[in-house]
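One-letter residues, chain by chain:
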2 protein chains.
Amino acid sequence: MDAVVRERADVDIVEVGPRDGLQNEDTLLSVAQKVELIERAVAAGARRIEAVSFVNPRLVPQMAGAEEVMAGVPRDVGASYIGLVLNRKGLERALAAGVDEINVVIPASDEFCQRNQGCSVADMLSVYEGIAADTVGTGITVSVTVSTAFGCPFEGDIPPERVVDIARRAAEAGADEIALADTIGVGVPRQVADLVPRVRSVAPAATLRCHFHNTRNTGYANALAAHEYGVTVLDASVGGFGGCPFAPAATGNIATEDLAYMLRRSGARTGADVGELARTGEWLGAALGMQPPALLGRAGDFPT
Amino acid sequence: MDAVVRERADVDIVEVGPRDGLQNEDTLLSVAQKVELIERAVAAGARRIEAVSFVNPRLVPQMAGAEEVMAGVPRDVGASYIGLVLNRKGLERALAAGVDEINVVIPASDEFCQRNQGCSVADMLSVYEGIAADTVGTGITVSVTVSTAFGCPFEGDIPPERVVDIARRAAEAGADEIALADTIGVGVPRQVADLVPRVRSVAPAATLRCHFHNTRNTGYANALAAHEYGVTVLDASVGGFGGCPFAPAATGNIATEDLAYMLRRSGARTGADVGELARTGEWLGAALGMQPPALLGRAGDFPT
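An unreviewed UniProt entry annotates chain A as Hydroxymethylglutaryl-CoA lyase of Haloactinospora alba. As its UniProt record puts it under Sequence similarities (unreviewed entry), chain A is described as follows: "Belongs to the HMG-CoA lyase family."

Caption draft 1: Broad picture of the environment of aspartate 12 of chain A. Tracing the backbone shows aspartate 12 of chain A in strand β1 (residues 12–15). Spatially, the C-alpha atom of aspartate 12 of chain A lies 26 Å from that of aspartate 165 of chain A, the residues being 153 residues apart in sequence.

Caption draft 2: Structural detail: the pairing of strand β3 (residues 80–84) of chain A. All names here are of chain A. In terms of burial, β3 is largely enclosed, as 5 of its 5 residues are buried. Burial along β3 is two-sided: the residues Ser80, Ile82 and Leu84 and Tyr81 and Gly83 are all buried. Sheet topology places strand β2 (residues 48–53) next to β3; 5 bridges connect them, and they run parallel. By the bridge assignment for β3, arginine 48 is matched with serine 80. Between β2 and its parallel partner β3, the chain crosses via helix α3 (residues 66–72), and the hand of that crossover is right-handed. Here β3 runs beside strand β4 (residues 101–107); their pairing, made up of 3 bridges, is parallel. Each residue of the ladder has a partner; that of glycine 83, found in β4, is isoleucine 102.

Caption draft 3: Examining the relation of the copies chain A and chain B more closely. Superposing chain A onto chain B requires a rotation of 180° together with a translation of 0.0 Å along the rotation axis, leaving an RMSD of 0.0 Å. The superposition operator between the copies reduces to a two-fold rotation axis. Minimal C-alpha distance to the rotation axis in chain A is attained by alanine 221 of chain A, lying at 2.1 Å. Most of the interface of chain A is mirrored in chain B: 100% of its interface residues are interface residues there too.

So, how was this worked out
- Residues numbered from 1 in each chain as written.
- Chains lettered and ligands numbered in written order.
- Predicted model: local features only at pLDDT ≥ 70, side-chain atom pairs only at ≥ 80, totals over all residues.
- Heavy atoms only, no water.
- UniProt positions renumbered as here; feature names shortened; annotations may be inferred.
- Helix = DSSP H or I, 4+ residues; strand = E, 2+ residues; numbered from the N terminus.
- Buried < 20%, exposed > 50% of the residue type's maximum accessible area, 1.4 Å probe, protein only.
- Pairing = 2+ DSSP bridges.
- Right-handed = clockwise from strand over helix to strand, strands pointing away.
- Least-squares fit on C-alpha atoms with pLDDT ≥ 70 in both.
- Contact = heavy atoms within 4.5 Å.

Structure follows, in structure tokens:
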């Protein structure tokens, strides 16, 4: 692998396929398959990759083998690897495994936080602040994802003020980047237009990032809206896999290939190779035994 | 059926499921099934329905039985029925069958027009002008759909000037409404933002309408962009069925239930019952033996 240099991007797509894309799939991939997925993503232009999660593999078997995956990923190719961390033990594992960045998820809904992470939002904020303090001097980049920011399956609509408050607290504790996540795919662009400027105003030093699921076919419109509101980092999952354990029939993240297609046709550079991504999405579908929710692989590129 | 009165809509969704939704499906529905589909759409709030196509049923067997379908649709429920017409013979059949509106499709691409309709764009414009002249005094509403307006599978990008010229000619010949169609689902919102004002300026008396396919996951973003640029009429197909004979693996029209969900969450009234639409999409999927491309039926509504 030697594709280190690529064009400057207007939008950096964070490839979350290896973590969020796989986390809710019934089929478990081997370490070798996960590494191949990451290699393929890098070859298709990915430069930031959510590669692993340092959660308990007994609770989330899809995320087993995080250390082995990190030991196998291509280095010196200009790629930055993100590990999901939900507690100090996870941080220790992440540091030992050699991730470049950690991501901490803080739900905006207490009920969701309780069911998904076993604690209240206030407790999760405290845990995060401890983790952030422990990363000082490590050279690790820290991002915080505010999940269920556009709606919660248990609490319904989430007051934007709650999202803004969490973002403020995260920024004060030193988050380099704050991601707004539509975890269950209920959001619409007018929520993006409302939330993005408000979060920017309370976290001016942090990079803003957005994470959309296409659960109800609004994900791509949301991503484009975020781009229009100046967000330069967007999450996507090759093939469009992923989902939420609380919405088992639903489709997953917006697909990297379809997002890259839309952005390219919109005049925004992403550094992504749409054709290579589509092939990777189809490859991953075969590995998981599912047709990818992504459409580019089926429909073909429109190259002009 | 007695649901004649409903709230005023900000966006009128034209239900194209019975025509564009079925036209490329391998499974043929009976007349009774087509009538049930239309009855269900009306019960879910549809007030304009592309019900039938007066093409040669030997060439398009999916569209057989147009007269029988029109004889069976619910009347006196406030619904307006549209028949697709591509020549004078089709117009005669449409008038005899009692449609409320006719729609004529004029591709913006010569190669597409030749393959799909067997004539040049110039010839199709002449045919349309003859049809339009013949409708004077009939009380029938006439709409023109400019197809492949966002790209052609054979010619690639379509110069916007060509779309604008066809719209101008259509308006001069008396079109009540002009629809811009992304027949193969390659468009992005910046094309909508470019085309809509230009077409409006050459056809100020015509209602503007847009027709999007979600072939590459850009359809809903395009629909929302059209709404933002003042388009008040959008086509959609319940379940998201449909497609294009020149892209056989691709998914179809934007789904009525998903569009209605996005618009409702965006604060725009459509008069649609999202839950009833989602059930109809699932019912149609069962009738066609396919999982609907629509996502609302799988994911469930987010009612707030």
